Amino acid sequence: MNITEVRVRLVKSDESKLKAVASITIDDCFVVHDIKVIDSADGLFIAMPSKKMASGEFKDVVHPLNTETRENLRKIVLAEYDKAKQQAGGTE
């Protein structure tokens, strides 16, 4: 699997833990939207697209099947987030 494109949209809010929303293209033929970049006490992480269940819990609708793929995706999305921040002047 090759991630062939990453688009990052920064979220302009000083108070929000949500810092950006990303879309990835896989092998130039499959797109995943709404990957969230979130700031936590442990640093930045990504959250996969999810939906709210009747119980109030959120369940991922798309997710990697193994740790290696999850870590690769995290590194790629966060690297593009850093680039987007630099291009925006580093204010986020």
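Re unusual backbone geometry
For Asp-27, which is not a glycine, the phi torsion comes out positive at approximately 50 degrees. Inspection of the secondary structure puts Asp-27 in the loop between strand S2 (18–26) and strand S3 (30–40). For Asp-27, a relative accessible area of 36% gives the class partly exposed. At Asp-34, a position not held by glycine, the phi torsion is positive, near 65 degrees. Tracing the chain through its elements places Asp-34 in strand S3.

A few points about the pattern of salt bridges
Tallying each qualifying case throughout the model produces 3 salt bridges. Where Glu-5 meets Arg-7, a salt bridge forms, and the shortest distance between an N and an O atom there is 2.7 Å. The class for Glu-5 is partly exposed, based on a relative accessible area of 33%. Assessed through its relative accessible area of 55%, Arg-7 is described here as exposed.

A look at helix H1 (residues 67–87)
Helix length check: H1, at 21 residues, gives a terminal C-alpha distance of 30 Å against a target of 30 Å (1.5 Å per residue), a fit within 8%. Turning to H1, its buried residues are Leu-73, Val-77, Leu-78, Tyr-81 and Ala-84. For H1, the angular spread of buried residues about the axis comes to 120 degrees, placing them on one side. Structural note: H1 exposes Glu-68, Lys-75, Gln-86 and Gln-87 on the side pointing more than 90 degrees away from its buried face. Among the structural elements, strand S1 (3–10), S2, S3 and strand S4 (43–47) are those in contact with the buried residues of H1. N-capping of H1 is provided by Asn-66, with a side-chain oxygen placed 3.3 Å from the backbone N of Glu-68.

As for the side chain of Lys-19
Relative to the elements of secondary structure, Lys-19 occurs in strand S2. Put simply, Lys-19 is tucked away with no salt bridge, and the nearest opposite charge, on Asp-39, sits 4.7 Å away. In this view, Lys-19 contacts Leu-10, Val-11, Ser-13, Asp-14, Val-37, Asp-39, Leu-44 and Tyr-81; residues no more than four positions away in its chain are not counted.

Parameters at a glance
Residues numbered from 1 in each chain as written. Predicted model: local features only at pLDDT ≥ 70, side-chain atom pairs only at ≥ 80, totals over all residues. Heavy atoms only, no water. Helix = DSSP H or I, 4+ residues; strand = E, 2+ residues; numbered from the N terminus. Buried < 20%, exposed > 50% of the residue type's maximum accessible area, 1.4 Å probe, protein only. Salt bridge = Lys/Arg side-chain N within 4 Å of Asp/Glu carboxyl O. Expected span 1.5 Å × (residues − 1). Arc of directions from axis to C-beta. Contact = heavy atoms within 4.5 Å. Polar contact = N/O pair within 3.5 Å; in protein donor to acceptor, adjacent residues only side chain to side chain. Lys, Arg positive; Asp, Glu negative; His and termini not counted.

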